[in-house]
Amino acid sequence: MSMTYDQMWQEANRVWDNESRSIAALCERIDRHSFCVALEMVADCVAAGRKIVTFGLGTSACAAEKIAHSFNVVNVPAVMLDGGKAAHGGLGVIERDDVVIAISKGGSSEELVRILPSIKEKGAKLIGVTEKPESALGKLSDVIVSATVEQEACPLGMLATSSTLAVIAAFDAMAIAMEQYPQFSKEAFLCNHPNGAVGHLLMEQLGK
């Protein structure tokens, strides 16, 4: 079945409207206390010289990669733990007092459940990003950040769309908040991002 240009544009607008409303609703849907506790955990982790480890499977892995990158840019050391390698030696990247951010909508995927005991045994702190606090991830997390959405942009509710953007937006907010902490400065930003338009702009602002 083919679509007319009008139908294509209408569908695109429907998706954008759904996703924008989902992000706008985060102020009401994310628990304020839990968000601040999670942010404090990240800040304390950096102050202690430890690192952030992000983890996700499927589309959640894309969110995990974005979160790790954003933290690195603002001088919060972060790595993404590959879901396929985690239970095959990749867990070695996690050390005591690191903070693990595990993203799983349902919180009970087999690959995730298998590694949760190792995360706790290593003495890492766990931020669970899930819509199911009663799940295996929810029960073992030190704090849960639940960036829930009313409905996915996908009509079938199968493809993670608005929910993925909501998770990314939640941790974008954390990354930006971390700019207020001592580890961040324009000089540190330039050191981490010397190339591209951002690097050139920072060099101009710092007179380099």
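A brief report on the enclosed structure follows. Remember, it's a predicted structure, so these values are computed and weren't measured experimentally.

**Description of the nonpolar core**
Of all hydrophobic cores here, the largest spans 39 residues; its most connected members are Ile52, Phe71, Ile101, Ile127, Phe171 and Met178. Breaking this core down by element, the ones donating at least two residues are helix 3 (32-47), helix 4 (59-73), strand 3 (99-103), strand 4 (125-129) and helix 7 (162-177). No other element matches the eight residues that helix 3 contributes to this core. Excluding residues that lie within four positions of it along the chain, Phe171 makes contacts with Ile67, Phe71, Ile101, Ile127 and Val129. Ranked by size, the runner-up nonpolar core spans 15 residues in total, among them Val53, Phe55, Leu81 and Ile94.

**Some words on the packing of helix 3 against helix 7**
Between helix 3 and helix 7, whose axes approach to 11 Å, the crossing angle comes to 50°. By the angle between their axes, helix 3 is oblique relative to helix 7. Judged by the twist between their axes, the crossing of helix 3 over helix 7 is right-handed. Within the contact between the two elements, helix 3 uses Phe35, Ala38 and Leu39 and helix 7 uses Ala170, Ala173, Met174 and Ala177. When its residues are assigned to classes, the contact of helix 3 with helix 7 shows seven nonpolar, no polar and no charged.

**Some details on the pattern of salt bridges**
A complete count under the given rule lists eleven salt bridges for this structure. In this structure, Arg14 engages Glu11 in a salt bridge whose closest nitrogen and oxygen atoms are separated by 2.9 Å. Of this pair, Arg14 and Glu11 both sit in helix 1 (residues 5-24), three residues apart, roughly one helical turn. According to the relative accessible area criterion, Arg14 is partly exposed, its value standing at 31%. Residue Glu11 is classed as partly exposed on the basis of its relative accessible area, which comes to 31%. Lys120 is paired through a salt bridge with Asp142; the nearest N and O atoms lie 3.4 Å apart. Remark: Asp142 occurs in the loop between helix 6 (136-140) and strand 5 (143-144) and Lys120 occurs in helix 5 (residues 110-121); sequence separation between them is 22 residues.

Parameters at a glance
Residues numbered from 1 in each chain as written. Predicted model: local features only at pLDDT ≥ 70, side-chain atom pairs only at ≥ 80, totals over all residues. Heavy atoms only, no water. Core = buried A, V, L, I, M, F, W, Y, C linked by side-chain atoms within 4.5 Å. Buried < 20%, exposed > 50% of the residue type's maximum accessible area, 1.4 Å probe, protein only. Helix = DSSP H or I, 4+ residues; strand = E, 2+ residues; numbered from the N terminus. Contact = heavy atoms within 4.5 Å. Axes fitted to C-alpha atoms, helices over the stretch in contact; angles between N-to-C directions. Parallel < 35°, antiparallel > 145°, perpendicular 65-115°, else oblique. Left-handed = near helix turned anticlockwise from the far one by under 90°. Nonpolar A, V, L, I, M, F, W, Y, C, P; charged D, E, K, R; others polar. Salt bridge = Lys/Arg side-chain N within 4 Å of Asp/Glu carboxyl O.

The values are spatial; any link to function lies outside them.
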